Amino acid sequence: MQLYEFVDRSRVHVLFFEDLIKNPAGVLDKLQSALGLPSFEFAPRDLVVTKSRSRPPMLTETRAFLRAFYAPSLVSLRRVLQRDLPEAW
């Protein structure tokens, strides 16, 4: 991945929205640690993620085009992150 030609891997922290939805406190705890910040206890009301708007469904043709277009990048991203990507990708 080209990013690592310029930035050391130890300085990169990747977050997934899906992980934040499933485990907001855990994701924020890992982020604070990665940033070298002291642990902060969030109130449960601060960790609620809501959908702010609804959108019409994506056209099948558009989804197929985007999947094909980004497929090579996603293969590389999976390899670099050493994890499966969310199904929505």
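Everything numeric here is computed off the predicted structure, so don't read it as measured data.

Engineer: Any chance you could explain the confidence of the model for the chain here in plain terms?
Structural biologist: Predicted coordinates in regions of low pLDDT should not be interpreted in detail. Of the residues in the chain, 90% have a pLDDT of 70 or more, and the chain-wide mean is 83. By mean pLDDT, helix 1 (residues 17-22) is the weakest element of the chain at 85, and helix 3 (residues 60-81) is the strongest at 90.

Engineer: Help me out: how do you make sense of the pattern of salt bridges in this one?
Structural biologist: As a working rule, side chains carrying opposite charge can pair if their charged atoms are close by. Going through the model one piece at a time under the given rule, you end up with one salt bridge. Residue Asp 19 is joined to Arg 83 by a salt bridge in which the shortest nitrogen-to-oxygen separation is 2.8 Å. On the criterion of sequence distance, the pair formed by Asp 19 in helix 1 and Arg 83 in the segment after helix 3 is long-range, its members being 64 residues apart.

Engineer: Can you help me understand helix 3 in this one?
Structural biologist: Side chains of residues three or four places apart in an α-helix project in the same direction, reflecting 3.6 residues per turn. The principal kink in helix 3, of about 50 degrees, is found at Ala 71, preceding the proline Pro 72 by one to four residues. Listing the buried residues of helix 3 in full gives Leu 74, Ser 76, Leu 77 and Val 80. Where helix 3 terminates, the next one or two residues include Gln 82, which has phi positive at roughly 55 degrees.

Analysis parameters
Residues numbered from 1 in each chain as written. Predicted model: local features only at pLDDT ≥ 70, side-chain atom pairs only at ≥ 80, totals over all residues. Heavy atoms only, no water. pLDDT = per-residue confidence, 0-100. Helix = DSSP H or I, 4+ residues; strand = E, 2+ residues; numbered from the N terminus. Salt bridge = Lys/Arg side-chain N within 4 Å of Asp/Glu carboxyl O. Bend = angle between axes of the 7 residues up to and from the residue. Buried < 20%, exposed > 50% of the residue type's maximum accessible area, 1.4 Å probe, protein only.

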